[in-house]
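# An overview of the molecular structure
Chain by chain, the residues run as shown.
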Amino acid sequence: FDPDERLVAFAKVGWDAATAALIATEADALGHLLSDPCPGIIAPEPIWSGDWHGHHVLLTSPLAVDHRVATDRAPDVEVGSLQLLAEHFPQTSSPLAESAYWQRLSRRLADAPDGSSLLVAIADAVGSDPMMFGAFHGDWSPWNLRRTPDRHQLFVWDWERFATDAPVGLDAAHHHMQVQRFLRKQTVADAVEPVRAALRTDLPRLGVDPEAAGAVVMLELLETLARMTESGLAGQLAAPRAELVDALRSELAVPRGRVS
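Residues numbered from 1 in each chain as written. Predicted model: local features only at pLDDT ≥ 70, side-chain atom pairs only at ≥ 80, totals over all residues. Heavy atoms only, no water.

### Quick notes on the overall build of the protein
- Helix and strand counts for the protein come out as eight helices and nine strands.
- Taking 2.2 N^0.38 as the reference for a compact globule, 260 residues should give roughly 18 Å; the C-alpha atoms of the protein span a radius of gyration of 19 Å, in line with that estimate.
- Taking all contacts inside the protein whose residues are at least 6 apart in sequence as the whole, residues at least 24 apart take part in 73%.
- About 12,700 Å² of surface is accessible on the protein, with carbon and sulfur atoms providing 55% of the total.
- Averaging the positions of the 22 positive and the 36 negative side-chain charges in the protein gives two centres separated by 4 Å. (Helix = DSSP H or I, 4+ residues; strand = E, 2+ residues; numbered from the N terminus. Rg over C-alpha atoms; globule rule 2.2 N^0.38 Å. Contact = heavy atoms within 4.5 Å. Areas by Shrake-Rupley, 256 points an atom, 1.4 Å probe, with all protein chains shown as cover. Lys, Arg positive; Asp, Glu negative; His and termini not counted. Charge placed at Lys NZ, Arg CZ, Asp CG, Glu CD.)

Structure (structure tokens):
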């Protein structure tokens, strides 16, 4: 805040290696979006990023949200905005196991308990059919999205997991999973089928075969597992981590045809 108590910036402070890396990713993402804006999406502008007292810091501008105008709705995945984001960046197609995303995810889970066995099992379940890869916000959750008052654009916060080579549809899966788990208070196991059903509707709008819904759900669970594993709070996440692993193993136990 300035001396007149006006909000001038938000600050994120990296307190360990994992959070410093997230802040660096967000700084790069916001810089890219500032120079090459995505139509229909309004992201915070980066003001400054660097080291301060041994911590990596990112300062971003506040977005012009008018809190007097009620623009929030019931949790909405905003597929139209996801489509704009997907179309704004190049897309590729390849089997999952040959993708840069899968290689990176494999490295993140290489030393995790159950990591290697789950990676092998999921790669086998998904098979060699090509998947689409493209832009990925990384935390497409209800609390990170808000419509502008005219509803023509979307404010989007928290770009610290942005990537341009993730499976298309993964953001939608993350949003639906967050709604089921944290707003509707469902367990991971109970959330899987509603998320898969929602994706069968969402994926075609993103140019993805709806039969890929099962694979995308499993990748969302595996991505969340990787985040728990590399978090500085991993020791406090034993119970939710076990819940994720159990849900993944349950998915992998169904017949091959159910994966899609």
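Moving on from the model shown.
### Description of the sheet that holds strand E1 (residues 10-14)
- Strand order across the open sheet formed by three strands is E1-E4-E3, with antiparallel pairing between neighbours. Both edges of this open sheet fall to E1 and strand E3 (46-52), since each of them pairs with a single strand only. Strand-to-strand twist in this sheet, taken as the mean axis angle between neighbours without regard to direction, amounts to 15°.
- Judged from the five bridges that link them, E1 and strand E4 (residues 55-60) form a sheet pairing that is antiparallel. Bridging from a neighbouring strand, Val13 pairs with Val57 of E4. (Pairing = 2+ DSSP bridges. Axes fitted to C-alpha atoms, helices over the stretch in contact; angles between N-to-C directions.)

### Quick look at the pairing of E3
- Pairing geometry for E3 and E4, over six bridges, is antiparallel. Looking at the pairing, Gly50 lines up with Val57 of E4.
- In this antiparallel pair of consecutive strands, E3 and E4, the connection spans two residues, and His53 shows a positive phi of 55°.

### Some remarks on helix H7 (residues 213-230)
- Between the first and last C-alpha of H7 there are 26 Å, a value that for 18 residues agrees with the 26 Å anticipated at 1.5 Å per step.
- Within H7, 16 of the 18 residues are buried, which leaves it mostly tucked inside the rest of the structure. (Expected span 1.5 Å × (residues − 1). Buried < 20%, exposed > 50% of the residue type's maximum accessible area, 1.4 Å probe, protein only.)

### Describing the nonpolar core
- Judged by nonpolar contacts, the single largest core of 66 residues is most densely connected at Trp140, Trp159, Leu199 and Leu222.
- It is H7 that provides the largest number of residues to this core, a total of eleven residues.
- Apart from the residues lying within four places of it in its own chain, the contact partners of Leu199 are Gly169, Ala172, Ala173, His176, Pro204, Ala213, Val216 and Val217. (Core = buried A, V, L, I, M, F, W, Y, C linked by side-chain atoms within 4.5 Å.)

### Points about the packing of helix H5 (residues 170-183) against H7
- Running from N to C, H5 and H7 cross one another at 75°; their axes reach a closest spacing of 9 Å. In terms of orientation, H5 and H7 fall into the roughly perpendicular class. On H7, the residues touching Leu170, Ala173, His174, Met177 and Arg181 of H5 are Val216, Leu219, Glu220, Leu221, Thr224 and Arg227.
- Broken down by class, the residue content of the contact of H5 with H7 amounts to six nonpolar, two polar and three charged. (Parallel < 35°, antiparallel > 145°, perpendicular 65-115°, else oblique. Nonpolar A, V, L, I, M, F, W, Y, C, P; charged D, E, K, R; others polar.)

### A word on H5
- The first and last C-alpha atoms of H5 sit 19 Å apart over 14 residues, in line with the 20 Å expected at 1.5 Å per residue.
- Two residues or fewer past H5, Lys185 is found with a positive phi of approximately 60°.

### Things to note about unusual backbone geometry
- For His53, which is not glycine, the phi dihedral falls at a positive 55°.
- Structurally, His53 can be placed in the loop between E3 and E4.
- When its relative accessible area of 67% is taken as the criterion, His53 is described as exposed.
- Residue Glu78 is not a glycine yet carries a positive backbone phi of 55°.
- With relative accessibility at 8%, the residue Glu78 sits in the buried group.

### A short note on the packing of helix H3 (residues 100-109) against helix H4 (residues 115-126)
- In the contact formed by H3 and H4, the axes pass within 9 Å of each other and the chain directions differ by 155°. Overall, the two elements H3 and H4 adopt an arrangement that is roughly antiparallel. The handedness of the crossing between H3 and H4 comes out as right-handed. Contact residues: H3 offers Trp102, Ser106 and Leu109, while H4 offers Gly115, Ser116, Leu119, Ile122 and Ala123.
- Its residues assigned to classes, the contact of H3 with H4 shows five nonpolar, three polar and no charged. (Left-handed = near helix turned anticlockwise from the far one by under 90°.)

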